[in-house]
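# Analysis of the macromolecular model
The lines below spell out each chain.
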Amino acid sequence: MVSAVQTQSPPSRRSRFSGGVHLSTQQLNEAGLAAALILLIIVLSFTAENFATTANMWAILGDAALVGIVAWAGTLVIVAGEIDLSVGSAVAFWSVILAELDGRWSLPLWLAIVLTLVGGMLVGALGGWVRARFGVPSFIVTLGLYSALRGLAQFMTNSLPVPIETNSFLDTLGGKIGQVPTAAILMLVLFVIFAFISRRTTFGRSVFAVGGNARAAMLTGINVSRVRILIFAVSGLSAALLGVVFAARLASGSSSAAVGLEFSVIAAVVVGGTSLSGGRGSLLGTLLGVLFITVIGNGLVILGVNSYVQDVVRGGLIVGAVLINMLLLRRGGAESR
């Protein structure tokens, strides 16, 4: 699907998609992750009762969507050499905003959703502007948003759920179409869109270039500030969209929703082979990472393992994935010499 090469200058189409050493490294990572995912599913099918049922497979896909919907934008953010720690708080905040607009303000649902999405995009763009204009590390900017947005949501609601009147659209969005969770369909549609953007558009190539070497990208005429603002705007929009999905699933806006989501997103992106230093990554790898982490979480729940152990496993996955990527890059560099 979508792969790219870490570069020291803005990558050309040939250097990104030809059989270069970094491309083969990414493919090796994706193949290994796919094999690990298949092996994990086989093992859990024999060790965890009811894991291999059709209902549980759909449930896994639905749970994966709650990470994947924001993980595609998260991949672009990390490929650009940035980080977004505000995702979970933004999801909770915008779910509350939707509930307030629909309930207290009695706005039509479609207008409430539009305002929620636009608000998410603007707040994300504001964070990107602060990063680009003043050179504040994105870690600090989004850490501030992480605290502010969750705090605002809790202040507005007194940490209580804000109910939303049910209707057919929200019921469908938070439920299923046939046997397939609607959120999973949305996740896959967004995957195709982001795959096209990252591979076929000038903006997508610019993201990889900025992550590979921002100074070199700027010297070739790429507006680095605009790229940074846009990726955070897209990330904010994705978070607001997931906030709408959460509100539909819970039939309320909740300030406690999506706690720790940002770390699940980072874990999925890194496990999928995207370099935390920027310039190299793959949406296909992120998709595999999302499924891998979701399957592990689901399997641990069915096996009755303490929920805190899942955080231990997630942390180990992040560290292990970074170590494997570093080893693969070193091996690739040695072979290229």
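Residues numbered from 1 in each chain as written. Predicted model: local features only at pLDDT ≥ 70, side-chain atom pairs only at ≥ 80, totals over all residues. Heavy atoms only, no water.

- You'll find the protein chain entered in an unreviewed UniProt entry as ABC transporter permease, with Kineosporia mesophila given as the organism.
- Heading Subcellular location (unreviewed entry) of the UniProt record for the protein chain holds this comment: "Cell membrane". (UniProt positions renumbered as here; feature names shortened; annotations may be inferred.)

### Brief notes about the overall build of the protein chain
- A tally of helices and strands in the protein chain yields 14 helices and four strands.
- Evaluated residue by residue, the protein chain yields a buried proportion of 52% over its 337 residues.
- In the protein chain, once contacts between residues fewer than 6 apart in sequence are set aside, the share between residues at least 24 apart is 79%.
- Of the roughly 15,200 Å² of accessible surface on the protein chain, 67% is carried by carbon and sulfur atoms. (Helix = DSSP H or I, 4+ residues; strand = E, 2+ residues; numbered from the N terminus. Buried < 20%, exposed > 50% of the residue type's maximum accessible area, 1.4 Å probe, protein only. Contact = heavy atoms within 4.5 Å. Areas by Shrake-Rupley, 256 points an atom, 1.4 Å probe, with all protein chains shown as cover.)

### Brief notes about the side chain of Thr 201
- Mapping Thr 201 onto the fold places it in the loop between α8 (182-200) and α9 (202-212).
- For Thr 201, the side chain forms a polar contact with the main-chain oxygen of Ile 197, separated by 2.4 Å.
- Here Gly 204 takes part through its backbone nitrogen, which lies 3.1 Å from a polar atom of the side chain of Thr 201. (Polar contact = N/O pair within 3.5 Å; in protein donor to acceptor, adjacent residues only side chain to side chain.)

### Details of unusual backbone geometry
- For Asn 158, which is not a glycine, the phi torsion comes out positive at approximately 55°.
- With respect to the helices and strands, Asn 158 occurs in the loop between α6 (138-157) and β1 (162-163).
- Its relative accessible area of 61% is what places Asn 158 among the exposed residues.
- For Ala 251, which is not glycine, the phi dihedral falls at a positive 55°.
- The topology assignment puts Ala 251 in the loop between α11 (224-250) and β4 (252-253).

### Description of empty space enclosed by the protein
- As enumerated under the stated definition, the model contains two cavities of 30 Å³ or more in all.
- Counted as a void, the largest cavity has a volume near 120 Å³.
- Around the largest cavity, the lining is made up of 17 residues, and of these Asp 84, Ser 86, Gly 124, Leu 145 and Gly 236 lie nearest the centre.
- It is helix α5 (residues 109-134) that provides the largest number of residues to the lining of the largest cavity, a total of five residues.
- Partitioning the lining of the largest cavity into residue classes produces eight nonpolar, eight polar and one charged.
- Quantified by volume, the second largest cavity comes out at close to 70 Å³.
- The wall of the second largest cavity is formed by Gly 74, Val 77, Ile 78, Ile 83, Asp 84, Val 87, Ser 235, Glu 262, Val 265 and Ile 266.
- Looking at the lining of the second largest cavity, the elements with two or more residues in it are α3 (54-79) and α12 (261-271).
- Classifying every residue of the lining of the second largest cavity gives six nonpolar, two polar and two charged. (1 Å grid on protein atoms, 1.4 Å probe; cavity = no way out; pocket = protein on both sides within 12 Å on 5 of 7 lines; lining within 4 Å. Points joined across faces, edges and corners; volume = space filled by probe spheres on them. Nonpolar A, V, L, I, M, F, W, Y, C, P; charged D, E, K, R; others polar.)

### Some words on the pattern of salt bridges
- Summed over all chains, the structure comprises three salt bridges.
- One salt bridge in this structure joins Arg 228 and Glu 82, with 3.1 Å as the shortest N-O distance. Placement of Arg 228 in helix α11 and of Glu 82 in the loop between α3 and α4 (87-102) is noted, with a sequence separation of 146 residues between them. Glu 82 matches Arg 228 in its accessibility class, with the two residues each being buried.
- A salt bridge links Glu 100 to Arg 104; its shortest N-O distance comes to 3.2 Å.
- When its relative accessible area of 62% is taken as the criterion, Arg 104 is described as exposed.
- Connected through salt bridges with shared partners, the residues Glu 82, Arg 131 and Arg 228 form a single ionic network. (Salt bridge = Lys/Arg side-chain N within 4 Å of Asp/Glu carboxyl O.)

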